[in-house]
Amino acid sequence: MFSSVGSFRAARRGAEVYRSQLFARNSLVRTAGSSSTADNVKQVYNLTGVKTAKRYRLDVLENQQLIPIMGGLPHDATKVVRTDCGFVFDFGAYVLWNATSKQERSMRKELRSTEVNPIKDESLVLQELDVLQCCVHADSNRPPSAASRKWWTEKETVMLSDSLPAEELLEYQLAISHALALSIQLGIIEKQVEDTKGHVHALAEKGEVSNWMRSKRPHQLALKICQLRFDASEQTDLNDDGFYWDRPQVEEVYLEVLKIQDYNARVRSVIKKLDFCSELVTRLVDEQSTLHSLRLEVIIIFLIAFECAQELYRVYRDHCVP
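Parameters and conventions
- Residues numbered from 1 in each chain as written.
- Predicted model: local features only at pLDDT ≥ 70, side-chain atom pairs only at ≥ 80, totals over all residues.
- Heavy atoms only, no water.
- Helix = DSSP H or I, 4+ residues; strand = E, 2+ residues; numbered from the N terminus.
- Buried < 20%, exposed > 50% of the residue type's maximum accessible area, 1.4 Å probe, protein only.
- Contact = heavy atoms within 4.5 Å.
- Areas by Shrake-Rupley, 256 points an atom, 1.4 Å probe, with all protein chains shown as cover.
- Phe/Tyr/Trp six-rings, centres within 6.5 Å; stacked < 30°, edge-to-face > 60°.
- Patch = residues over 30% accessible without salt bridge, like charges linked within 9 Å, V, L, I, M, F, W, Y side chains within 5 Å.
- Salt bridge = Lys/Arg side-chain N within 4 Å of Asp/Glu carboxyl O.
- Arc of directions from axis to C-beta.
- Pairing = 2+ DSSP bridges.
- Axes fitted to C-alpha atoms, helices over the stretch in contact; angles between N-to-C directions.
- Core = buried A, V, L, I, M, F, W, Y, C linked by side-chain atoms within 4.5 Å.
- Polar contact = N/O pair within 3.5 Å; in protein donor to acceptor, adjacent residues only side chain to side chain.

> Sorry if this is basic, but what is going on with the overall build of the chain here?
When its secondary structure is counted, the chain shows 9 helices and 10 strands. Expressed as a percentage of the 322 residues in the chain, the buried residues total 42%. At a minimum sequence separation of 6, the contacts of the chain that also span at least 24 residues come to 74%. Split by element, the accessible area of the chain, about 17900 Å² in all, is 53% carbon and sulfur.

See below:
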């Protein structure tokens, strides 16, 4: 957590600079020699994704009208709410489209009352925010490689055809936002896994049995790893609501954004690290149990020896002492 308001503001300014640098790096309309020039790009969307909690209570968000709620979402788009500046997902993340600083602050403030298990480390929230750029491209001047497509990508920027109907455009925007939000959620899990891995290494490298033989730390780490493994497994089950089943083209752009975010490789890396941590913690717990059993056996042997000594003394007293 931040130790002072000044350090929080400094971190937030750093996050804003980082976001600006990402937008500048990914921007196509500012890049000379790009196949998509400023004349062909009709609209540029700068997306910002943030995760602040384990989940949001969307029913509270809708019932209390904490922020402007927009309709128009498909009936099978569950667990998401559309606002005037983006999308809010029930798994504790939201994605803003061309939002102003005022809208960003308002969104963050109003969502606090709907948060379940909020992320207490504000620096982690700012560190793991991510950005993406999406452009609406003139249909008449699209590049030859995308002649028959409704969308394509250029330099990690998603390009959408301006011939898309408003309803279909909204579906593409939702899919892009969904993918970006999942990537941010995975980033939070990655940081938690790295922290857990560090704790496991620190525990294993101590090498002093007496320090952790009575400690609950190995068992706590085992529970933490189980929780992280569950969270990671949820990341591999992305289409459980069936939204993409009847929308193969929308699913394609969704998967392409995940590819841009190197999503699948990151999930595999997280699972691999968790496997390593789980194996090491299991060995530590087994060793702890073995040492505990050994200590109990020593105590039992001592008690038996004490009982034998008492009995020998009684026999000696009764038969040998005149």
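> Please explain the packing of aromatic side chains as it appears in this structure.
Each aromatic ring pair is characterised by the separation of its centres together with the angle its planes make. Scanning the entire structure with this criterion turns up 4 aromatic pairs. On the numbers, 5.5 Å between centres and 20° between planes, the contact of F89 with F91 is stacked. Assessed through its relative accessible area of 3%, F89 is described here as buried. You can call F91 buried: its relative accessible area is 15%. When the centroid spacing of 5.0 Å and the interplanar angle of 80° are considered together, the rings of F243 and Y244 count as edge-to-face.

> Mind showing me how you'd approach a nonpolar patch on the surface here?
On the surface, L296, I299, I300, F302, L303, I304 and F306 cluster together into a nonpolar patch covering about 690 Å² of accessible area. We classify L296 as partly exposed; its relative accessible area is 41%.

> I'm lost on the pattern of salt bridges in this one. Help?
With the rule as written, the count across this model stands at 9 salt bridges. Note that E122 is salt-bridged to R108, the shortest N-O span being 2.9 Å. On the criterion of sequence distance, the pair formed by E122 in helix α4 (residues 122–128) and R108 in helix α3 (residues 101–111) is long-range, its members being 14 residues apart. Exposure class is identical for E122 and R108. Each is buried. Measuring nitrogen to oxygen at the nearest pair gives 2.4 Å for the salt bridge that ties R314 to E311. Residue R314 and its partner E311 are located together in helix α9 (residues 263–319), separated by 3 residues, close to a single helical turn. The exposure class of R314 is partly exposed, given its relative accessible area of 35%.

> Just to check I follow, could you spell out α3 for this structure?
Turn by turn, an α-helix covers 3.6 residues, leaving residues three or four places apart pointing in a common direction. For α3, every residue scored as buried is listed here: E104, M107, R108 and L111. Angularly, the buried residues of α3 cover 95° about the axis, an arc narrow enough to put them on a single face. For α3, the exposed residues lying more than 90 degrees away from the buried face are K102, R105 and K109.

> Can you walk me through the sheet that holds strand β6 (residues 93–97) in this structure?
The strands making up a sheet associate through hydrogen bonds between their backbones, and the pairing can be parallel or antiparallel. The strand order across the open sheet formed by 8 strands is β3-β4-β5-β6-β1-β8-β10-β9, and the pairing between neighbours is mixed. Both outer strands of the open sheet, β3 (69–70) and β9 (151–154), are each paired with one neighbouring strand and no more. Where strand β1 (residues 41–51) lies against β6, 5 bridges are found, and the strand directions are antiparallel. Opposite V50, over in β6, you have Y94 as the bridge partner. The strands touched by α3 within the sheet are β4 (80–83), β5 (86–89) and β6, with β6 carrying the most contacts at an inclination of about 160°.

> I'm lost on the environment of T48 in this one. Help?
Among the secondary structure elements, T48 is positioned in strand β1. The buried category is assigned to T48, whose relative accessible area is 7%. Along the sequence, T48 and V95 sit 47 residues apart, while their C-alpha atoms lie 5.5 Å from each other.

> Help me understand the nonpolar core, please; the structure alone is not making it clear to me.
One finds L47, F89, W97, C134, V158, L160 and I176 to be the most contacted residues of the largest nonpolar core, which totals 51 residues. Among the elements that make up this core, the one with the highest residue count is helix α5 (residues 166–206) (16 residues). Counting 20 residues, the second-largest nonpolar core is a separate cluster that includes L61, I67, V88 and L96.

> Would you take a moment to explain the side chain of K51 for this structure?
Its location among the elements puts K51 in strand β1. Taking the relative accessible area as the measure of exposure, K51 reaches 6% and is therefore buried. Among the polar contacts listed, one links the side chain of K51 to the backbone oxygen of A53, at a separation of 2.8 Å. Only 3.2 Å separates the side chain of K51 from the side chain of Q185, close enough to count as a polar contact.

> Which parts of the structure should I look at to understand unusual backbone geometry?
Negative phi characterises most residues that are not glycine, and trans characterises most peptide bonds. Unusually for a residue other than glycine, N117 sits at a positive phi of about 55°. Following the sequence through the fold, N117 ends up in strand β7 (residues 115–118). One non-glycine residue, D262, lies in positive phi territory at about 55°. Relative to the helices and strands, D262 resides in the loop between α8 (248–260) and α9. According to the relative accessible area criterion, D262 is partly exposed, its value standing at 45%.

> Would you mind going over the pairing of β4 with me for this structure?
Successive residues of a regular strand alternate their side chains across the two faces of the sheet. The pairing of β3 with β4 spans 2 bridges and is antiparallel. Note that in β4 the partner of I69 across the bridge is T83. Bridge analysis of β4 against β5 gives 4 bridges, and the strand direction is antiparallel. Residue pairing in the sheet places T83 in a bridge with G86 of β5.

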